Amino acid sequence: MRDVPPNPSTSLADRNLAASSSSRRRQLLVALAATALAACVPLGVSDVYAMNVMILTLMYLALSQSWNVLGGYCGQISLGHAIYFGIGAYATVIVYLKGGISPWIGMVVGGVFASWIALALGYFCFRLAGHYYTIATIVIAEAALLLVLNWEWAGAALGLQLPFGPDSWATLQFGRNKLPYFYFVLALSLLTWLIAWWIEGARWGYWWRAVKDDAEAAASLGVSIFDSKMAASAISAFFTAVAGGFYALFVSYIDPQSVFGFQISLLITLPAVLGGIGTLWGPAVGAVLLIPLGELTRSYIGGSGSGTHLIVYGALIVVISLLRPEGLVSLFRSSKPARGAQA
Amino acid sequence: MLNRRDLLVSSASAALISAAGSPAFGQSSVEDVKIGVIYPFTGSGAQVGVDARFALDTAADIINEAHDIDLPLAKGKGLSNLGGAKVRLVYADHQADPQKGRSEAERLVTQDSVAALLGTYYSSVAAVVSQVAERYQLPFVAAESSSPSLHVKGLKYFFRPGPHDEMYSIAMFDFIKHVQQKFPGTGATVALFYEDTLFGNDTSKVQKRLAEEQKVEVVADIKYRANSPSLSSEVQLLKSKNPDIILATSYTTDAILFVRTMRELGFKPKGIISQNGGFIEPAFLSAVGEHANGIISRASFVLDLATKRPSLKAVNDLFKKRSGKDLNDNTAREFMALIILADAINRAKSIKGPDIEAALRATDMPGASTIMPWDRVKFGADGQNSSIKPVMMQYGDGEYRTVWPEALATRPLKWPLT
Amino acid sequence: MSLELLLQVLLSGLLMGMIYALMASGLSLIFGLMDVVNFAHGEFLMVAMYLMFGLVVLTGLDPLLLWPIVTVCLFAFGAAVYLGVVRHALRAKTNRGMVQVFTTFGLGLVLMGLAQSLLSPDYRSIGDSWIGGKSVSLLGIYLPLPQLVGGIASIATFSIIWLMITRTDFGKALEATREDAGAVALVGINKDLIFTLGWGGGAALVGLAGSIIAIFFYVYPSVGTSFILIAFVTVALGGFGSIYGALAAGVIVGVVEAFSAVLLSPALKSLGVYAVYLAVVVLRPRGLFGSM
């Protein structure tokens, strides 16, 4: 951040902070309780498939919450987050395979690298408005896909596979046991939620909402739009890449299409959009509904070869978008308007 | 919320498990042998899955019901050594996504308790499914995924009855040698034309190596983006190099556009040898019609083998009744994969993974017991069947016929094309 | 590079570019009118191509005779999509941009699923026709007839759109609605009607593009994905809402793509296009002809 904004906004922020601090504490307690509850679920469920579905759900929850930091709070609708996801996945595997370095470090390396890329891209792209920005993000992710697809050293189209080894926490490789993945990704979801929670309360969050609600008014208050978007972008990219690294370890095989493809960008965005963008609970509600639905429809009606599950999935997106433009999270809300969700 | 989600998942899956697990009323006490089958059933590769399903259902029918066909397990009903148990196929959709392939493989193994896995067409998915099989110690039979990277990983439970891309490419270069000798002055230069996927990459690597070894000059090396809206620059590049032979590796969509574009740009190559793929698909043949004439493809299966493999006609008739199509290289390999797997399960007299693995490893099936032009089915330590000699077939008069090796040929080779 | 290769690549790129422009024009028209990006645009193209294929199979007539039917059908389809879905999306009080993106996107998925259920995922294509599979050659340069006709149709269409916007009352109403949708209601122009016609018109343009592409391309449920990104890039490069921008950008995209394939590598030909597009929007955030 470049400088401290002048008094009017600071005092406004402080007043809001004080007014909502009790509600914020309640939110935090709910999140911690939900996490604790979720942590107990594997005690009762041992089915591998159910575990897989839950792990994926939590992974997309974390991803969508990371996306929410930029897309929801800052209003930059990116449909190209696969680039950060892919960078995280490739960095983690490459650092491990080619350098023999622990994938735990690899995930952080991927995160930092993705943040740099996000800053570099943000420098050029944040001057684009609305649909121009969205389309640029799609194109940039597609360009990254093409580059990796032609990068022989990184396996090109063959992709990279983690060697088949014994179960180990050091490499986060487990054959049949899904519990470690579950707890890792649960912790990651909580972490991304806490970041969003912290942003909502912190001054940054007020600035970003100001940027989103009315850029001109915010600028006149002295908020540096550009810097705040850059910060949002770096944080968002970091956690997206960490989740990408997790995905690589979880599946143990990556290729350009499966980590840089448009379908990843879409699955990162959809939970937040349908759950409620720019809200704390939107990504969670969206992911919990959408990911199991996608998995179950594919598993139990997808094998027929008809397009039924595409129809179900697409129709659901249309219906939710039309009936609940502010997201499903609004169903749980009594009278309070969706804060900062105005476009 | 997390609670509700979990409830949804577990209750839904519990309902499905109980539905799938309860034997149908009135059946004998012998339990079905379940085999997990993983293919793409949605997305751009969906047709492959749909066709595979026809082939595998045909094979299951031949195993489960009595048929007068000279194939293993065809005569009796079910698996005789397991009290006549029936083979039941449990299908899953991987959408060409390795993560989904992994998840579905694990579901089939843990929820449906399948005895073995079969699939997957896409080699990227096969790479992941073969790992799951290894973890759970049950066999995975790769019916047609042909990446050479699959069998070199030291996996115990991986089996591939069909050839891999390297064997195919070697056969293609043997064929080129044959052409050079028989038609002097042709086949000195080749151009590689391949898509930017695993299929294209694997193939082109081997082809470049073989070309160097055999001193065949590679005049153009063209990797193109799959499903491109236009291939005119690519074809123009080929045309400007005027190679003797184009070695093409493409799926159906690009194969259609490639042949059409060559025609539109007035380019008549002297020879096209394709790495199977899209060039043998009915959709391709009907799209380009007579312009497919003269195209050569490597194959591990040709329909005109019927004279040498009497069971083939009967199988093809059964398959055609279901699908409305003739068997092709993919569907024939899928069909055979299930027969070979079921034969091993029958000999193992058990549905335990390690027992089936041992039985598969002991497999020694003469070529005459298959519908393929293979010498035999016998797996090496790496799980690869090495007793295969791919053949070359050429399109003409509305069908592909074997043209090489000459001992198997049913039509003389037409060469060069222009 | 020989002169012959140079000319051939240039002309191939030019013709393909005009088809891209035609395909993108519908997207641009709808956006210019009401700020909505149709994310189901690729599936509209798929519908048009299937329709052409089906008509050829059913009637046995030549695609050149059938394109008006496809265009009219797509007009009705576009209008129905506006009345049935998009109109409701416009009523959203919050998150309007997102609602529009995802309702059209979801609609695209439904269309793709329906195509797969009803028509199977198999690849289909139209065989030889009056112009399909034929080409004219001049001094060793080959121009495929379908693309040549596509290029001519593209220029004719853009001329007609230009005449319509500048010379007719409808065009003036369109322009006025585009500038201030609230004010036009006061002077008695029915905004809903204009939008319905706008969506119909946009879809009709896709219908025309699909009719031509179906002559030389193949059809299957996800065929839209091969074209959709090019359409987006074309529209963003030319400037959303600018019809002439779409024409200029389409030609640039076609030519850059063709030359990238020859000079860079065929596998990276789209990269050349993306690079040019990104360079332009960094310098001109609203594209070449977008209003600032």
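Residues numbered from 1 in each chain as written. Chains lettered and ligands numbered in written order. Predicted model: local features only at pLDDT ≥ 70, side-chain atom pairs only at ≥ 80, totals over all residues. Heavy atoms only, no water.

Asks: Give a detailed account of the interface of chain B and chain C, specifying residues and quantitative values.
Replies: It is common to give the size of an interface as the accessible area that goes away when the parts come together. With 36 residues of chain B in contact, the opposing surface of chain C contributes 38 residues. Here chain B and chain C share an interface that buries about 3,000 Å² over both sides, 55% of which is from carbon and sulfur atoms. Joining chain B to chain C, the criterion identifies three salt bridges. A salt bridge links E234(B) to K269(C); its shortest N-O distance comes to 3.0 Å. Between the two partners, chain B and chain C, sit 13 residue pairs in polar contact (both at pLDDT 80 or more). (Contact = heavy atoms within 4.5 Å. Buried area = accessible area lost by both parts, 1.4 Å probe. Salt bridge = Lys/Arg side-chain N within 4 Å of Asp/Glu carboxyl O. Polar contact = N/O pair within 3.5 Å; in protein donor to acceptor, adjacent residues only side chain to side chain.)

Asks: With reference to specific residues and values, describe empty space enclosed by the protein.
Replies: Empty space left among the atoms is revealed by rolling a probe the size of a water molecule over them. Residues and elements named next belong to chain A. Under the defined criterion, the tally for this structure stands at eleven cavities of 30 Å³ or more. Each pocket or cavity is described by its volume, and for the second largest cavity that value is around 130 Å³. S78, Y84, L121, Y133 and T137 are the residues nearest the centre of the second largest cavity, which is lined by 15 residues in total. Residue assignment for the lining of the second largest cavity shows that the elements contributing at least two residues are α3 (82-99), α4 (103-125) and α5 (130-149). Ranked by the residues each element gives to the lining of the second largest cavity, the list is headed by α4, at four residues. (1 Å grid on protein atoms, 1.4 Å probe; cavity = no way out; pocket = protein on both sides within 12 Å on 5 of 7 lines; lining within 4 Å. Points joined across faces, edges and corners; volume = space filled by probe spheres on them. Helix = DSSP H or I, 4+ residues; strand = E, 2+ residues; numbered from the N terminus.)

Asks: Give me the environment of G383(B): which residues, what numbers.
Replies: Residue and element names in this part refer to chain B. Structurally, G383 can be placed in the loop between β12 (376-377) and β13 (391-396). When the C-alpha positions of G383 and V190 are compared, they lie 33 Å apart, and in sequence the two are 193 residues distant. If we ignore the near neighbours within four places in the chain, the residues touching G383 are F158, F159, R160 and R361.

Asks: Please give an account of a nonpolar patch on the surface that cites residues and values.
Replies: All names here are of chain A. There is a patch of nonpolar side chains on the surface, built from I101, W104, I105, V109 and W169 and spanning about 480 Å² of accessible area. Its location among the elements puts I101 in the loop between α3 and α4. Taking relative accessible area as the criterion, I101 reaches 39% and is therefore assigned partly exposed. (Patch = residues over 30% accessible without salt bridge, like charges linked within 9 Å, V, L, I, M, F, W, Y side chains within 5 Å. Areas by Shrake-Rupley, 256 points an atom, 1.4 Å probe, with all protein chains shown as cover. Buried < 20%, exposed > 50% of the residue type's maximum accessible area, 1.4 Å probe, protein only.)

Asks: How would you summarise unusual backbone geometry if you had to cite specific residues and measurements?
Replies: The step from G119(B) to T120(B) runs through a cis peptide bond, and the omega angle for that step is -10 degrees. Along the chain, the position of T120(B) falls in the loop between β3 (116-119) and α4 (123-136). Backbone torsion omega between W415(B) and P416(B) reads -15 degrees, so that peptide bond is classified as cis. Considering the arrangement of structural elements, one finds P416(B) in the segment after β14 (399-404). Despite not being glycine, K215(B) shows a phi value in the positive range, around 60 degrees. Within the secondary structure, K215(B) sits in the loop between α6 (198-213) and β7 (217-224). Backbone geometry at S120(C) places phi at a positive 70 degrees, although glycine is not the residue there. Mapped onto the elements, S120(C) comes out in the loop between α4 (96-119) and β1 (135-138). Its relative accessible area of 24% is what places S120(C) among the partly exposed residues.

Asks: Any chance you could break down the packing of helix α9 (residues 224-238) of chain C against helix α10 (residues 243-263) of chain C for me, citing the residues and the numbers?
Replies: Residues and elements named next belong to chain C. Running from N to C, α9 and α10 cross one another at 125 degrees; their axes reach a closest spacing of 8 Å. Compared by their axis directions, α9 and α10 come out oblique. For the crossing formed where α9 meets α10, the hand is right-handed. Contact with α9, carried on its side by I230, V233, T234, L237 and G238, involves G245, A246, A249, G250, I252, V253 and E257 of α10 and no other residues of that element. Looking at side-chain class alone, the contact of α9 with α10 contains seven nonpolar, four polar and one charged residues. (Axes fitted to C-alpha atoms, helices over the stretch in contact; angles between N-to-C directions. Parallel < 35°, antiparallel > 145°, perpendicular 65-115°, else oblique. Left-handed = near helix turned anticlockwise from the far one by under 90°. Nonpolar A, V, L, I, M, F, W, Y, C, P; charged D, E, K, R; others polar.)

Asks: Can you lay out the nonpolar core for me, pointing to particular residues and giving the numbers?
Replies: Among the nonpolar cores identified, the biggest contains 319 residues, and W208(A), F246(A), L117(B), F258(B), F284(B), I371(B) and M34(C) are the most heavily contacted of them. Two domains share this core, each providing at least three of its residues, namely domain 1 (4-162 + 306-377) and domain 2 (165-299 + 391-404) of chain B. Ignoring anything within four residues of it in the chain, the contact list for M34(C) reads Y82(C), V86(C), L90(C), F195(C) and W199(C). V179(B), I245(B), I273(B) and W404(B) belong to the second-largest nonpolar core, a separate cluster that totals 22 residues. (Core = buried A, V, L, I, M, F, W, Y, C linked by side-chain atoms within 4.5 Å. Domains from an automatic or database assignment.)

Asks: Describe helix α5 (residues 145-167) of chain C, listing the residues and the values that go with them.
Replies: Between its first and last C-alpha, α5(C) extends 32 Å over 23 residues, near the 33 Å set by a 1.5 Å rise per residue. Buried positions along α5(C) lie against α8 (252-264) of chain B together with α1 (3-34), β1, β2 (141-144), α8 (191-216) and α10 of chain C. (Expected span 1.5 Å × (residues − 1).)

Asks: Before we move on, can you summarise the packing of aromatic side chains with the specific residues and values?
Replies: Tallying each qualifying case throughout the model produces 42 aromatic pairs over all chains. Between the aromatic rings of F140(B) and F158(B), the centroid separation amounts to 6.0 Å while the plane-to-plane angle is 55 degrees, which identifies the pairing as tilted. With F140(B) in strand β4 (residues 140-142) and F158(B) in strand β5 (residues 158-159), the pair connects residues that are 18 residues apart, well separated along the chain. You'll find F140(B) and F158(B) in the same group, each marked buried. Lying over the aromatic face of W153(A), K98(A) brings its terminal NZ or CZ to 4.5 Å of the ring centre. (Phe/Tyr/Trp six-rings, centres within 6.5 Å; stacked < 30°, edge-to-face > 60°. Lys NZ or Arg CZ within 6 Å of the ring centre and 35° of its normal.)

Asks: With reference to specific residues and values, describe the domain arrangement of chain B.
Replies: All names here are of chain B. One can read the domain layout of chain B as domain 1 (4-162 + 306-377) and domain 2 (165-299 + 391-404). For domain 1 versus domain 2, the distance between C-alpha centres works out to 31 Å. Taken residue by residue, the interface counts 13 residues in domain 1 and 13 residues in domain 2. Here domain 1 meets domain 2 over a buried area of about 1,100 Å², counting both sides, of which 49% is carbon and sulfur. The largest share of the area that domain 1 buries against domain 2 comes from S146, P148 and D329, three residues that together contribute 38% of it. At the boundary of domain 1 with domain 2, the tally comes to one salt bridge. Among the salt bridges present, the one from R298 reaches D329, with a minimum N-O distance of 3.8 Å. Where domain 1 packs against domain 2, one counts four residue pairs in polar contact (both at pLDDT 80 or more).

Asks: Kindly report on the interface of chain B and chain A, identifying the contributing residues and their values.
Replies: Tallying the contact residues gives 46 residues for chain B and 58 residues for chain A. For the chain B and chain A pair, buried surface summed over both sides reaches about 4,600 Å², with 58% attributable to carbon and sulfur atoms. Between E106(B) and K178(A) there is a salt bridge, with its nearest N and O atoms 2.9 Å apart. Where chain B packs against chain A, one counts 15 residue pairs in polar contact (both at pLDDT 80 or more).

Asks: Residue-level account of the side chain of N150(A), with values.
Replies: By the element assignment, N150(A) lies in the loop between α5 and β1 (160-161). Engagement of the side chain of N150(A) in a polar contact is seen with the side chain of K223(B), the distance being 3.0 Å. Among residues more than four places away in sequence, those in contact with N150(A) are K223(B), A267(C) and L268(C).

Asks: Which residues make up the sheet that holds strand β1 (residues 33-39) of chain B, and what values go with them?
Replies: Paired through backbone hydrogen bonds, the strands of a sheet run either parallel or antiparallel to each other. Residues and elements named next belong to chain B. With respect to topology, five strands assemble into an open sheet ordered β2-β1-β3-β4-β5, the strand pairing being parallel. The sheet is open, and its two edges are formed by β2 (87-93) and β5, each paired on a single side. One ladder, built from two bridges, connects β4 with β5; its direction is parallel. Within β5, the position partnered with V141 by the bridge is F159. Sheet strands in contact with helix α11 (residues 329-348) are β1, β2, β3 and β4, and its direction is about 150 degrees off that of β1. (Pairing = 2+ DSSP bridges.)

Asks: Help me get a handle on the sheet that holds strand β10 (residues 296-299) of chain B, residues and values and all.
Replies: Residue and element names in this part refer to chain B. The strand order across the open sheet formed by seven strands is β7-β6-β8-β9-β10-β13-β14, and the pairing between neighbours is mixed. The open sheet has two edge strands with one neighbour each: β7 and β14. Neighbour-to-neighbour, the strand axes of the sheet open up by a mean angle of 25 degrees, direction not taken into account. Relative to β10, helix α5 (residues 165-182) is tilted by about 135 degrees, and along the sheet it contacts β6 (189-195), β8 (245-249), β9 (272-274), β10, β13 and β14.

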